[in-house]
Structure formats: structure tokens, C-alpha cells
Amino acid sequence: MTKRFALGVFDDEDILLHAIDNIRSAGVKIYDVFSPYPVHGIDDALGIERSRLPIAAFFYGLCGLSFALWLQIYTLGFDWPMIIGGKPQIGLPAFIPVSFELTVFFTCHGMVITFYTITGLYPRFKTPVMDVRSTDDKFVMAIELDETSSAMPKLTQLLRENGASEVNQKEMTKK
Amino acid sequence: MQHVSAIREPLVTGGKTLHDVTQDICYQVEAKPNIRWIGAMSVALFFLGIFFYSVYRTLWYGIGEWGLNKTVGWAWDITNFVWWVGIGHAGTLISAVLLLFRQKWRSSINRAAEAMTIFAVICAAMFPVLHMGRPWLAFYVFPLQNTLGSLWVNFNSPLLWDVFAISTYFTVSLVFWYTGLVPDFASIRDRAKGPIAKFSYSMLSMGWTGSAKAWSRYETVSLILAGVSTPLVLSVHTIVSMDFATAVVPGWHTTIFPPYFVAGAIFSGFAMVLTLMLITRVVFKLEDYITLEHIALMNKIMMVTGSIVGVAYITEFFIAWYSQVEYEQYAFLNRATGPYWWAYAMMMTCNVITPQLVWFRRVRYSIGLTFILSIVVNIGMWFERFVIIVTSLHRDYLPSSWAMFSPTIIDIGVFVGTLGLFFTLFLLFAKFFPVINMAEIKAILKYTVDNGPTYSNNPGHHAPATITTVTPGVPASAPVTYDKHD
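If you look chain B up in an unreviewed UniProt entry, it shows as Molybdopterin-containing oxidoreductase family membrane subunit from Hymenobacter caeli. UniProt lists a comment for chain B under the heading Sequence similarities (unreviewed entry), and it reads "Belongs to the NrfD family." Among the UniProt annotations of chain B, the heading Subcellular location (unreviewed entry) holds the following wording: "Cell membrane".

In the nomenclature of an unreviewed UniProt entry, chain A is known as DUF3341 domain-containing protein of Hymenobacter caeli.

Printed below as a string of C-alpha cells:
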């Protein structure tokens, strides 16, 4: 499916942040903003909700900890109990290091895999982008247009007024 | 609000614009390799050859190729292992601990330092694996069921903790590093001309577009990764030190080992970061990004950790005397005055005296002196591990089994070879990957005070007042709230 976008190109993050505020209060829905680096305050300006990844990370960590404790207690305590240096078979203090490491291992990898999955990051042969300069030095605001691009003249004016250095139109083929 | 004091030194000099950053850092990725890079690579490959030959000898003829004997069963291999792992720690310290402490200056060195971590851990891992003698059975260290029954690994052993610590450390550092690289790969991808470059950087950048939502998640992920990496990096060298501290060998059986080893690791790691960065900034002309200020700051961390190490050396001696344990006292006297006195003297000079020179401002800001110091510290830290390991082992409880250790040519070959392996990997990284985190530098660019010569030539970039002239419609005093995140 092909979608049309009005692209407002900005040179500065502060101008961009004001533009987002003004354009949203003018009742225009912003499709997305592309920037070369994380612009602080953009989440609030765009109304992006706080990511729930930390909660996911906590549960991955919990899984790691449970797995580590199960592994050590089951193998050394039940499956093949051994007396090592006259110490208790289930010696929890000795299990702390491995439990900690596996907690970190699960937290980190679980969270990173989740991040790549939900953000749709996977190796691609070709990456279509709205404006190639958005990974260099420009901040690009994309506003979705309808079939006829009827809103284009109005949007151009709105973006210009709010400090966009150029306004372009782009068609993107989305799966 | 984010305030940057006017008296703070700028983090990036030369009045760079956002585009300049992309240009400067992508330059060496896009340009043909220069003659200095080819020269360095040839030397690195030569040493890599030595590595392969030494490993071949070790595997074909066995561990007998090394200078180990019945008394000194651990020597160069474990020395090198601890040395390399320690070097890696500075990378994580820069990428994680300094991120949590919001030290913005880390931005220009974190990428290369993390790369150093990963390559150092690869080099470190060679030694325990080769010391197994039969590395193809290396999977025995993992908790897998034995083919003959369910005999498991011993979770009470620090050597096994090490397996978990090092594998977690390596994989976590790798994904942390890679996740940071994704946006920068996207920058290279969007500039790429040739089809091969376009294809490879598209694959590497995984379809990154820099959308606001993605950045928001990216920042969350970075913060949590930093949060888990911080205790992780401390745990790794703690566990490495427990390989020794939980043994009953005098000279090893010491409770101060964990903090002492962690400080030593950061000390040697920063020395290696300095060595690498001083070369990188010259070879790739990155003096505007890795400034004298960065070098001075790294020197200061080196001085602090070096002093902690110095205090630890003295504490060990005091405790040996204070404990009134004859064997403990002998182990330390033997260290300082026994047949390995020269290694001990080397360690004391390089690690205790050298970092104190950094108190002088002239030393801290001198590139030449810093470079020499960083090499000296690396040598000193290698000797520290050698002293701890070999002098504690070579004269044990039974005088009839006392022995000396001397390395064979293969011992030396494996060690020198890992240096080759390390530099080969680092040079490949420096050529094909962006050596400086472009996205992070761009993010701090606006907030670093910059009075560079080109300042007035870039209106609208550094001085907020010029925004009014560029954009009518935005009030000059418009409130911008950064306090939510920073």
C-alpha cells in the first residue's frame, strides 16, 4: 500500500519541539518524527507513552534468577548430590554469583530481543527512509496525507510558519 | 534545565555542525584505507600469524609446550587472561558507569572503548580455553548432562562462576555495543554510494530510521543496559579475583582481592583506552572530538584507580604482618625480596609511582607523556598479575617442591599473538565501523560551550539567541523543558 506524506524538514531541535507543539495544537496528527539523535522532550511533545520495556526487563530478570536457582538446586541438591569439601549440597551463598550472572544475562538479552522485535529491527536488504538527511543533520516531521493530497498547501504553510526549512511530499510503499 | 557552565571546557572543539560530525566520522569508513592503516594492519597480521603458530604448537604437542611445571601450574596463561579481562573493564566503565553518572564527555570515547572491551575479552578467553589442552571439549564447562549419566558441573567453584561471568559479560557487552552502533550504521547507509556498502550497512543498521518512538525505546534500553552492566562489570573482576581468593594459597587467600582487582582492572583498562585513543585521534584526525580535556579526564581516573591499587599493595603487606601467619608473611617477603624481586619492583614502580605523576597538570595534558605512561601502566599491570600468580605458587608449603617458572618461546608467542589478534580486530573495527558514536556526539553538540574559531561562521547553531533570526514565529524566550529526562 502506498501512503503519501508531507515532510517538514527542520534544522534545529528546539524549533522542532515548538513546531510539534504548535502543529499538534492546530489539530494536525503527526505520523512520526525522524531525528539523527534522541531529542529530549520529544516524547512528551508527541505524546509518546513511556516505554514498558523496564517492566519486561524486570520479568526477564526474574526468569533468569528462577532458572539459575532451579538449575543449581536441582543439579547439585537432587539430581546428583555430591559432598564437596564437606559443605552443604545446597549452599545458597555459593550460588549467588551464578544466580546474579544469569539474572543479568536474561534481563539483558530478553530486553534487547524484545526491543528489536517491537521496533521492527531486523537485517534488511534495503531500507526505505522518508528523507536520507534525517540520519545526518535534519529533523524530519512526517504528516500523513490522503489520496488526493488536498491538505498539502495548508500543511506547507503551517510547517513553514513553524520554522520548517523545507516542505516536501513523499510517497512510501508500506507492507 | 540542562546547564553547562561557561567555564567548562568544550567537549567538541572546532565549531562543528551536525553535518560536520557525520562527515568527519564517516570519512574514514568511506575513504580508501590510508597507508598508516595498511602499515599497522600488516604488523597486526604478522603477530596474528605468531598467534596461530603458537596455538598450533600448543594444540598439536600439548600444554607441555608451555613452561608450566608441577609447582607452578598457572603462570603466563592466567596472567594474560586476567590482564586482558581487566583491560576490557574500562570499556564497560565508560559505556555504563559514566552513562549513569551522566558524564557527557564519555560520548566521544565510548564506542572505541566498548570495542576494546569486546576484543579484549576475546583475547582473554583464548587462555583458559587453550589451557584446557583439549579445547574441543570446552563445552564441558557448561551445565550439560554428562553422556555417562547426570554428573553436573560444580556450582561451588569460582572457576565455574568465571565461565558464567565471562560469557555473560561478553554477550552483554556485545549487544550493548551493537545496539549503540545501529543508528550510526543507518547514517552510513544513508550516505553510502556503492552497492556493496549500501547493502552491508543496510543489513547492519537493521532498518533503523530514527523515528521518535524508536529513539525513546533506544534510550530506555541503553539506560537499563547501563544499569545492569554496572554491577556486572564489578562482578566479573570480583569473580576473577575469587579464582585466587577462595584458594588457601598464601598470597592469594586475601579478602581485599575483589575491590583490589576491580580497581586494578579499571586502572589498566584506562591505560589501554588512552593508548588506543591517542593513536586513533591522530590516525583518523579526530582531535576535535577527543580533546586534551578527554585525555586529562581519563588520566585522572587512571590516577585514582592507580592509587587504590597502590593502597591495596601496602594493605596486603600490613595484613600479612598483622595476621602473624608465618606462611603469609613469607609469601609477601618472598615476593619483594625473593628470586622474583625484579618482577615485584617492576610492578611497584609502574603501578604505584607512575600514576602519581598525573598530579602534575603538565603531565595530564601532555600527549607524549600520557602515551608513555599508559604503556608503562599496562606493563606494570601485567607484572602485577604475574607477581600475584607466580610468586605465590612457586614456593608453597613444602620446600622440596619449590620451583622456578620460565616461559617458553610458545608462551611468549601466544601472548604476543593475542596482541596481534586484538589489534587486527581493532583496526578492522576502526576502518569499517564509526569509531565515535555520532548520534551521541550530535546530541551533546548543542550543549557544549564552544568558543572555537569557526563559532561565528555557524549562526543559528550554538547560540540560542540566533534562533529568533532564523525562525520568525518562535519566541526567543520560548520555554524548552529538558528537565523531564535530564
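Considering the overall build of chain A
The helix and strand tally for chain A stands at five helices and four strands. Ordered by position in the sequence, the α and β elements of chain A form the string β-α-β-α-α-α-β-α-β. Taken over 175 residues, chain A has a buried fraction of 42%. Residue pairs at least 24 apart in sequence account for 79% of intrachain contacts in chain A once pairs closer than 6 positions are excluded.

Here we look at the environment of Ile63 of chain B
Residues and elements named next belong to chain B. Residue position: Ile63 is located in the loop between helix H2 (35-61) and helix H3 (76-100). We classify Ile63 as partly exposed; it has 16 C-beta atoms within 10 Å. Sequence separation between Ile63 and Leu99 is 36 residues, and the spatial gap between their C-alpha atoms is 43 Å. Sequence-distant contacts of Ile63, that is, excluding residues within four places in its chain, are made with Thr58, Leu68, His131 and Gly133.

Focus on the interface of chain A and chain B
Counting residues at the interface gives 65 residues for chain A and 65 residues for chain B. Among the elements of the structure, helix H1 (13-25), strand S2 (32-34), helix H2 (42-46), helix H3 (53-79) and helix H4 (92-119) of chain A are those that each provide at least two residues to the side of chain A that touches chain B. Take the side of chain A that touches chain B: its biggest share by element is 16 residues, from H4 of chain A. Here the residues of the side of chain A that touches chain B sort into 35 nonpolar, 17 polar and 13 charged.

Re the domain arrangement of chain A
Structurally, chain A comprises domain 1 (2-50 + 130-173) and domain 2 (53-119). Using C-alpha coordinates to define each centre, domain 1 of chain A is positioned 45 Å away from domain 2 of chain A.

Some words on the sheet that holds strand S4 (residues 166-173) of chain A
Residue and element names in this part refer to chain A. Pairing within the open sheet is antiparallel, and its four strands lie in the order S2-S3-S1-S4. Bordering the open sheet on either side are S2 and S4, each of which pairs with just one other strand. In this sheet, neighbouring strand axes are inclined to one another by 30° on average, regardless of whether the strands run parallel or antiparallel. Judged from the eight bridges that link them, strand S1 (residues 2-10) and S4 form a sheet pairing that is antiparallel. Paired with Leu7 across the bridge in S4 is Asn168. Set on the sheet, helix H5 (residues 152-161) makes contact with S1, strand S3 (139-145) and S4; between it and S4 the angle comes to about 130°.

Considerations on the nonpolar core
Met116, Phe270 and Val273 of chain B are the most contacted members of the largest nonpolar core, which totals 176 residues. Top element by residues in this core is helix H7 (residues 212-245) of chain B. It accounts for 16 residues. Composition of this core by domain shows at least three residues from each of domain 1 (2-50 + 130-173) and domain 2 (53-119) of chain A. Apart from residues lying up to four places away in sequence, Val273 of chain B is in contact with Ala90, Ile109, Ala113, Met116 and Met298 of chain B.

A look at the packing of helix H5 (residues 158-191) of chain B against helix H6 (residues 195-205) of chain B
Residues and elements named next belong to chain B. At their nearest, the axes of H5 and H6 sit 8 Å apart, and the two run at 155° to each other. It follows that H5 is roughly antiparallel to H6 by the angle criterion. With respect to the hand of their crossing, H5 and H6 are arranged in left-handed fashion. Across the interface between the two elements, Val182, Phe185, Ala186, Ile188 and Arg189 from H5 touch Lys198, Tyr201, Ser202, Leu204 and Ser205 from H6.

Describing the pairing of S1 of chain A
Relative to S3 of chain A, S1 of chain A runs antiparallel, the two being bridged by seven bridges. Along S3 of chain A, the bridge assignment pairs Gly8 of chain A with Met141 of chain A.

A short note on unusual backbone geometry
Residues and elements named next belong to chain B. Phi is positive for Arg102, which is not a glycine, with a value near 55°. Mapping Arg102 onto the fold places it in the loop between H3 and helix H4 (110-131). The exposure class assigned to Arg102 is exposed, which follows from the 9 C-beta atoms found within 10 Å. Within the chain, Lys285 stands out as a residue other than glycine whose phi angle is a positive 55°. Its place among the elements puts Lys285 in the loop between helix H8 (257-283) and helix H9 (292-323). Judged by local crowding, Lys285 falls into the exposed class, with 12 C-beta atoms found within 10 Å.

So, the environment of Gly88 of chain B
Mapped onto the elements of the fold, Gly88 of chain B is located in helix H3. Considering only alpha carbons, one finds Gly88 of chain B and Gly269 of chain B, 181 residues apart in sequence, at a separation of 6.0 Å.

Some details on the UniProt feature "transmembrane region" (unreviewed entry) in chain A
All names here are of chain A. Per the UniProt annotation, the sites labelled "transmembrane region" (unreviewed entry) are residues 55-74 and 94-118. Across residues 55-74, the secondary structure splits into 100% helix and 0% strand, with the terminal C-alpha atoms separated by 28 Å. Secondary structure content for residues 94-118 is 100% helix and 0% strand, and the end C-alpha separation is 37 Å.

What counts and what doesn't
- Residues numbered from 1 in each chain as written.
- Chains lettered and ligands numbered in written order.
- Predicted model: local features only at pLDDT ≥ 70, side-chain atom pairs only at ≥ 80, totals over all residues.
- UniProt positions renumbered as here; feature names shortened; annotations may be inferred.
- Helix = DSSP H or I, 4+ residues; strand = E, 2+ residues; numbered from the N terminus.
- Buried ≥ 20, exposed ≤ 12 C-beta atoms within 10 Å, placed from the backbone.
- Contact = placed C-beta atoms within 7 Å.
- Nonpolar A, V, L, I, M, F, W, Y, C, P; charged D, E, K, R; others polar.
- Domains from an automatic or database assignment.
- Pairing = 2+ DSSP bridges.
- Axes fitted to C-alpha atoms, helices over the stretch in contact; angles between N-to-C directions.
- Core = buried A, V, L, I, M, F, W, Y, C linked by C-beta atoms within 7 Å.
- Parallel < 35°, antiparallel > 145°, perpendicular 65-115°, else oblique.
- Left-handed = near helix turned anticlockwise from the far one by under 90°.

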